[in-house]
Amino acid sequence: MYFFIKIIIPALAEFYYNDVELIRLGVSEMTIQFRIAKYLSNLIEPKCNLRIDCEYNRNMYNIKKINEDNVRPDIICHKRNSDECNLFVIELKKEDPNTDLEKIKKYVNNPTYAYKYGYCISNITENDFNVYSYPQSIIFPDGIYKFRVQRTNTSCKIIIPNSPPYLFTSPGPRPR
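Just so you know, these numbers come straight off a predicted model, no measurement behind them.

Some remarks on the environment of A13
Item 1. Along the chain, the position of A13 falls in helix α1 (residues 2-25).
Item 2. With 142 residues separating them along the chain, A13 and S155 place their C-alpha atoms 8.6 Å apart.

Printed below as a string of structure tokens:
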């Protein structure tokens, strides 16, 4: 959950601060995942030799498969053309996650891809969202957690209810 706390939550705070109107407009999940991936990319790629990609359907030069099914995770953090550093995978659902909870377990448990962390972000509204984290962590044992979003004209805070030590604030708007 470390990467979720340190990198993904700040990227979500930026998304909620700069792009919440996408939720209000009812755009597709792919539009939302692209914007979140953009903020993740801004936080991760300048600091390390990893990339953020959406709908990435390749494993080296082959089609990515799990149990003979072609797969394309919504957002991944990885080293391209290598299975040495598949850091995390995110499945995103505007509503109930349905089968995506099982998908992230398969991505993490698959011996070829072996993503270190899997997250399912779901039930996304203007004011909150749920996160399922796999594998379990001390901070967030296996389960679904609801996060609350508080926006003002100058900031966006993401709060984990009943966990006062974790408060994440967006760095503010980026120049457009």
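Okay, back to it.
Comments concerning the pattern of salt bridges
Item 1. Tallied over the entire structure, the rule returns eleven salt bridges.
Item 2. For D128, the salt bridge identified is with K146, shortest N-O distance 3.8 Å. Residue D128 is found in strand β9 (residues 128-134), and its partner K146 is found in strand β10 (residues 144-151); the two are separated by 18 residues along the sequence.
Item 3. Through salt bridges with shared partners, one network takes in E29, E91, K93, D100 and K103.

Some words on the nonpolar core
Item 1. Counting residues in each nonpolar core, the largest one holds 40 residues, and the members touching the most others are Y16, L40, F88, I121 and F129.
Item 2. Those elements that place two or more of their residues in this core are α1, α2 (29-44), β6 (75-78), β7 (88-92), β8 (117-122), β9, β10 and β11 (156-159).
Item 3. With 14 residues, α1 is the largest single contributor of residues to this core.
Item 4. Sequence-distant contacts of I121, that is, excluding residues within four places in its chain, are made with F4, I8, L12, I90, E91, L92, K93, F129, N130 and V131.
Item 5. By size, the runner-up hydrophobic cluster in this structure holds 13 residues, among which are V71, V89, Y107 and Y115.

Comments concerning the packing of aromatic side chains
Item 1. Per the stated rule, a full pass over the model turns up six aromatic pairs.
Item 2. Among the aromatic residues, those joined into a ring-pair cluster are F15, Y16, F129 and F147.
Item 3. Over the ring of Y113 we find K64; its NZ or CZ atom is 5.2 Å from the centre of that ring.

With respect to helix α3 (residues 100-109)
Side chains of residues three or four places apart in an α-helix project in the same direction, reflecting 3.6 residues per turn.
Item 1. For α3, the set of buried residues is D100, L101, I104, Y107 and V108. Projected down its long axis, α3 shows its buried positions confined to an angular sector of 125 degrees, all on one face.
Item 2. The inward-facing, buried residues of α3 contact β4 (65-66), β7, β8, β9 and β10.

Some points on the pairing of β11
Item 1. Where β10 lies against β11, four bridges are found, and the strand directions are antiparallel. Bridge pairing in β11 links V149 to I158.
Item 2. Linkage of β10 to β11, two consecutive antiparallel strands, is achieved through a turn of four residues.

Notes on the environment of Y17
Item 1. When you line up the elements, Y17 lands in helix α1.
Item 2. In this structure Y17 comes out as buried when scored by relative accessible area, which is 17%.
Item 3. Here the alpha-carbon distance between Y17 and N153, two residues 136 residues apart in the chain, equals 8.6 Å.
Item 4. A distance of 2.7 Å separates a polar side-chain atom of Y17 from the backbone oxygen of N153.

Conventions used here
Residues numbered from 1 in each chain as written. Predicted model: local features only at pLDDT ≥ 70, side-chain atom pairs only at ≥ 80, totals over all residues. Heavy atoms only, no water. Helix = DSSP H or I, 4+ residues; strand = E, 2+ residues; numbered from the N terminus. Salt bridge = Lys/Arg side-chain N within 4 Å of Asp/Glu carboxyl O. Core = buried A, V, L, I, M, F, W, Y, C linked by side-chain atoms within 4.5 Å. Buried < 20%, exposed > 50% of the residue type's maximum accessible area, 1.4 Å probe, protein only. Contact = heavy atoms within 4.5 Å. Phe/Tyr/Trp six-rings, centres within 6.5 Å; stacked < 30°, edge-to-face > 60°. Lys NZ or Arg CZ within 6 Å of the ring centre and 35° of its normal. Arc of directions from axis to C-beta. Pairing = 2+ DSSP bridges. Polar contact = N/O pair within 3.5 Å; in protein donor to acceptor, adjacent residues only side chain to side chain.

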